[in-house]
Amino acid sequence: MERGRVVSPVFVGRAAALDRVAGVLRQAALGEPAVVLVAGEAGVGKSRFVAELLAHRAPPGARVLAGQCSGFAPGSLPYAPIAGALRQLLWSSEDEEDLLGEAGQAVGLLLPELTAAGQAAGAGGPVALDQGRMFAQLEAVLDKVSASAPLLLVIEDLHWADRSSLEFLAYLYYGLGWQRLAIVCTYRDDEAPAVPELGAWLADLRRGTRLTEVSLPRFTVAELGEQVAAILGEAADPGLVAALHERSGGNPYYTELLLSAATPAGAPGGVGTPPAALPAALREVLLARSAGTAAGTREVLAVIAAAGHPVAHGALAAAWARLGMGEESLLAGLREAADRHLLVPVAELGGYAFRHALLAEAVYDQLLPGERGRLHDAWAGVLEERVTGGGTVSLAAVAEVAAHHHKAGHPGAALGWDLRAAEAAEQVGGVAEAAGCYQRMLAAWDDVRDAGQQAGLDRIDLLARLARAEELAGDLSLACTHVQDAIALVDPATEPLRAALLQARLCWSLYSTGRPAAALGPAAAAVALVPESPPSLARVGVLASLGGLQVMVGRGGRAAATVAAAAVVADQIPDPQAAAIIAEVQARVAWLTGSPDAVALARRALRLGQHPGAGNRAMMAFNGLADALDAAGNDRGVLQACYGGYEQIRRRGGANFGAFLLCRACCTLVACGRPAEAAEALHTALRVRPSGILELYAQLAAALLATGRGDFEAGRAAIGRCRRVAPEPLPYGWWYCAAAAELELWAGDPERAFAAAAEGLAAVDRTDYRRHTGTLAWLALRAAADRADLARARHDTAAEDQARADADQLTRTWSDPPWLTAEPENRARALHALLDAEQSRAADQPDPQLWARAARCSRACHRPHQAAYASWRQAEALLAQHAPPPGRGRLPANRLRHRPQYRRGPVAARDRDAGPLRPDRPPTAAARRRHSPGSGGAAGVDPPRTGNPRPARRRPDQPADRRTALHQPPHRSRPRLQRAAQTRRHRPHPGRPPRPQTPRPVTAARSA
Ligand SMILES: Nc1ncnc2c1ncn2[C@@H]1O[C@H](COP(=O)(O)OP(=O)(O)OP(=O)(O)O)[C@@H](O)[C@H]1O
Ligand SMILES: [Mg+2]
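Definitions and limits used
Here the residue numbers are simple positions, counted from 1 along each chain's written sequence. In the order they appear in the text, chains get letters beginning with A and ligands get numbers beginning with 1. Given that the model is predicted, a residue must reach a pLDDT of at least 70 before its local features are reported, and side-chain atom pairs must reach 80 or more before they are shown or counted; all residues, however, enter totals for whole chains, interfaces and linings. Hydrogens are left out, water is left out, and the side-chain values use all remaining heavy atoms of the structure. For helices the rule is a DSSP run of H or I covering at least 4 residues; for strands it is a run of E covering at least 2, with both sets numbered from the N terminus onward. The buried label goes to any residue with under 20% of its type's maximum accessible area, the exposed label to any with over 50%, and the partly exposed label to all in between, with areas taken from a 1.4 Å probe on protein chains only. Only heavy atoms enter the contact rule, under which two residues are in contact if any of them lie within 4.5 Å. The protein chains shown are the only cover counted for residues, whose accessible areas, like all others here, come from Shrake-Rupley with a 1.4 Å probe. Here, expected helix span is obtained from the residue count minus one, scaled by 1.5 Å. Note on terminology: near, applied to a residue and a molecule or strand, indicates that one of the residue's heavy atoms is within 4 Å of it. Whenever two N or O atoms come within 3.5 Å, that pair is a polar contact, provided that in protein one can donate a hydrogen and the other can accept it, and provided that, for residues adjacent in sequence, both atoms are side-chain atoms. Residues were grouped as follows: Ala, Val, Leu, Ile, Met, Phe, Trp, Tyr, Cys and Pro as nonpolar; Asp, Glu, Lys and Arg as charged; and all remaining residues, including Gly, as polar. As a per-residue measure, pLDDT tells how confident the predictor is, with possible values from 0 to 100. Strands qualify as paired when DSSP identifies two bridges or more between them. The axes are straight lines fitted to the C-alpha atoms, using for helices just the contacting stretch, and the angles between their N-to-C directions are given from 0 to 180°.

Colleague: Describe the overall build of the chain, with residues and values.
Modeller: When helices and strands are tallied, the chain shows 49 helices and 8 strands. The proportion of buried residues among the 1008 residues of the chain is 55%. At a minimum sequence separation of 6, the contacts of the chain that also span at least 24 residues come to 71%. For the chain, the exposed area adds up to about 41200 Å²; of that, 53% sits on carbon and sulfur atoms.

Take a look at the structure:
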């Protein structure tokens, strides 16, 4: 055995995996970015695999940045591995300003000690960034680096990752375009991750198309033989190899340990068999490595293990001194540990690290609680002295002090440090990690006598802060619980304002969970608590919240009264925020009640909301304006408002709401027949994951797009999530009911479609949202007509009568309905026309003229899918008119050859990417029944189809459920010319109408 060698200098096996990943890296260097995940058990060789890849298979000229997730306090330090990678970048770059550009702020917050921006901010207090801006700035740095050379970003040990890092990596992943970037991550798959979100994160990435996964197995006997031979520097004895394989199971690290235990380092001569007393478990083997050392050496190992990461010599010496030991013993211990390959020097740190993290874990695990406490106490003292000793303090340093205090059993001291760590985490948008700090504080609270004093805040504040962090992190129900706990602790008699603010917070949290009606109670309680005089911004705020919620639940009259009371108060205080708040809710009331001034008021609200002193009101005002313009039938205005709001929010922060606006734009784009743009916008929006109610439009847009693609399964899943996001039927229920009804119609299930539309109609009944129900009424009537059609095909008279009765009932209820007066005129006309035409169909007298009118009116109000549908029905009605008597004659297709209506629907649908209405669709049951020779007998009737489902044609790489639909990068659009050529290819031959196809059975279509 070569003296002192414990690691194989030769990289063993894994050739196929290396080739595969090297190929991915080569492609990435050419502008096809990718993510590579390397998984395997502890010690199986993930880090070595990556090291080999970087050393010998990296694309020429590639730059490597590597970061490590922290195993010391796993999951608790936001962006830990990202900061590590950036630290490397800063160390290796000359011109920081040129490198970071505008992203200096984010990097300065993460690494204040290394950046000019961080140090400058340190003096005047750093400027916080929310998660959206943090992500954007960090991405900008990586983009800049990858623009000058291919970039390999290595993130080690994801099983210890924090949520912010995972979310940032997902953000990067879904933003991959043409960057020369590969992200290589390793993780242990035999260990529970630090944050439970890792599982969902992995599942999410797997639905994308740019992921390569490598799972490293243990070594075979032959591979292990190669490893042993390389370590020994001579051919290995087969008996030894077999024994080592049996004991290590093929784990390379375990093998190294067994081998070095078999032959003590430096022993001359050959190697015998592993000692008979070799421990069976890896951990014991690891400990056996350190057990043979002197007591002082074991102590040194324990101190470094307790530090949780590689340590600088100076810090180690300080901790050693605090433990009351002399420097000589430290040096002796270090020397022996290095000689035995337990520790390795780390040059850039001027310190030491365990040769392998597993050894550190084993050393730490075998310490007794008292021993650990003593060591953490020493480290807490050393680090606290440094942090409080002046200079720039990093988030990591503060979090580390807090963790050492916790582990040392100093809950009192930990409280204050946790608070500092939480605040620092919030400054970088690390809301999940901040919530973690607050939760730790809450857990320790009762164990500390004067906790409030030690922490510098009381329990009520702590709960309120925790709730806010949880809300921002998307843990909405926890947030509600914690605000309620805080409310229970406040005495409203002595602290009415505080109680009111908490009620307002609860109101917002409940609203965020999609329950505006439930939020009404806390909103009213807040109003009751804030005194009427003197007039105050707080009073305006709570009244406006109540008014806003009354709008949400469709009570326009009550809302108007509440808002009027709020306006009286606002008039008495010269505060731009109060003016903005009032303008915004006034606009909402006007929108709900169908006032002609709604748009003007919404524009005014936006103007006032953009006043520098108006806080963040502009965000809401953009949404209000979009609603008002939508009600006025101005699609272009809606898109402008949404995109304008999105852009502004991107610059100023509030990414979640920006994503909400973008998703809202998606829904309008779908309605206007622009699904490709909608998919693109949705994809962009979902890079930041809107949570709670803000997720609603994302799901809605996903459902609409999936329906358009004919992917009904994905559409149903998205609608299911809409229901979970907004469990109360108002104000959003009618939208997803309409989406569900439309989906079921195309899926050929008119019963479910009718039920969904009826559910929507019931939800809005007796509210001011009734005026928005034109679409629902049309969908319900359409479903009833489909049901009647089906029943006729089955000769089920009772069902037909029931469907017709339902249709009549709907027509009675909704003919000349008040709601249409509040619709934009052109949309009302189209809906009227559709309702009339559907009624003719339900009565089995489909009228081509009515359908022609419906198509015309739908085109006039820019609803191409609606128009395509009407044209299709028109064609069907024409066919029916020209049908020969049952059993005689052939399909009179030639007679229709000059009728463009027959083609218009399908062709328009194809041009608009409206899946279910594509030209390859078969005719409906009704048309087939009328034309099929021998129709009229049950036996001769094909299984009826009322919708026209094109089988869901999912690309193989396309995920099937929400994240699928949501996160699927949009198709790269085909070049215009190619598209035009395809369109030509598919266009029916002039003069030859499309041939009706053999109908597919319903079940086959559904299961497709
Ligand atoms: N293919 C290989 N050829 C030679 N030696 C290897 C190979 N794979 C792993 N080893 C050795 O096994 C030991 C453990 O490997 P490594 O540190 O890469 O494991 P890991 O999977 O990253 O473990 P952890 O989960 O603890 O991070 C190292 O000393 C390494 O040199
Ligand atoms: Mg490793």
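This is not the end of the story, as more comes after the structure.
Colleague: Hey, could you go over helix α26 (residues 516-529) for me, with residue numbers and the actual values?
Modeller: An ideal rise of 1.5 Å per residue puts 20 Å on 14 residues; α26 measures up with 20 Å between its terminal C-alpha atoms. In the core, the buried residues of α26 are packed alongside α25 (496-512) and α27 (537-552).

Colleague: Requested: an account of the site of ligand 1, with residues and values cited.
Modeller: Residues in close proximity to ligand 1 total 22 residues, the closest being Lys46, Arg48, Arg188, Glu256 and His356. Within the contact set of ligand 1, an oxygen atom lies 3.3 Å away from a backbone nitrogen or oxygen of Val44. Note that an oxygen atom of ligand 1 is positioned 2.6 Å from one of the side-chain N or O atoms of His356. Among the secondary structure elements, those contributing two or more residues to the shell around ligand 1 are α2 (46-56) and α12 (252-262). Looking at side-chain class alone, the shell around ligand 1 contains 10 nonpolar, 5 polar and 7 charged residues.

Colleague: Give me the confidence of the model for the chain: which residues, what numbers.
Modeller: Predicted coordinates in regions of low pLDDT should not be interpreted in detail. Per-chain confidence: the chain averages 82 in pLDDT, with 82% of residues scoring 70 or above. Low pLDDT, under 50, characterises residues 264-280; the stretch is placed with 26 contacts to residues that sit more than four places away or in other chains. In the predicted structure, residues 905-915 sits below a pLDDT of 50 and forms 28 contacts with residues beyond four places in sequence or in another chain.

Colleague: Lay out the sheet that holds strand β2 (residues 63-68) in plain terms, naming residues and giving numbers.
Modeller: The strands that make up a sheet are held in pairs by hydrogen bonds between backbone atoms, and each pair lies either parallel or antiparallel. Strand order in the open sheet formed by 5 strands is β2-β3-β4-β1-β5, and the pairing between neighbours is parallel. Among the strands making up the open sheet, the edge pair consists of β2 and β5 (211-215). If you compare each strand with its neighbour and ignore which way they point, the axes differ by 15 degrees on average. Of the strand pairs in this sheet, strand β1 (residues 34-40) and β5 are connected by 5 bridges, and their pairing is parallel. Along β5, the bridge assignment pairs Val38 with Val214.

Colleague: I'd like to hear about the sheet that holds strand β6 (residues 311-312), residue by residue, with values.
Modeller: Spatially, 3 strands are ordered β6-β8-β7 in an open sheet, and the strand pairing comes out antiparallel. On the outer flanks of this sheet lie β6 and β7 (343-346), each paired with one strand and no other. Here 2 bridges tie β6 to strand β8 (residues 351-354), and the two strands are oriented antiparallel to one another. What sits directly across from Val311, in β8, is Tyr352.

Colleague: Describe helix α38 (residues 750-764), with residues and values.
Modeller: When the terminal C-alpha atoms of α38 are compared, their 21 Å separation across 15 residues agrees well with the 21 Å that a helix rising 1.5 Å per residue should span. Three or more residues of α38 are buried, namely Pro750, Ala753, Phe754, Ala756, Ala757, Gly760, Leu761, Ala763 and Val764.

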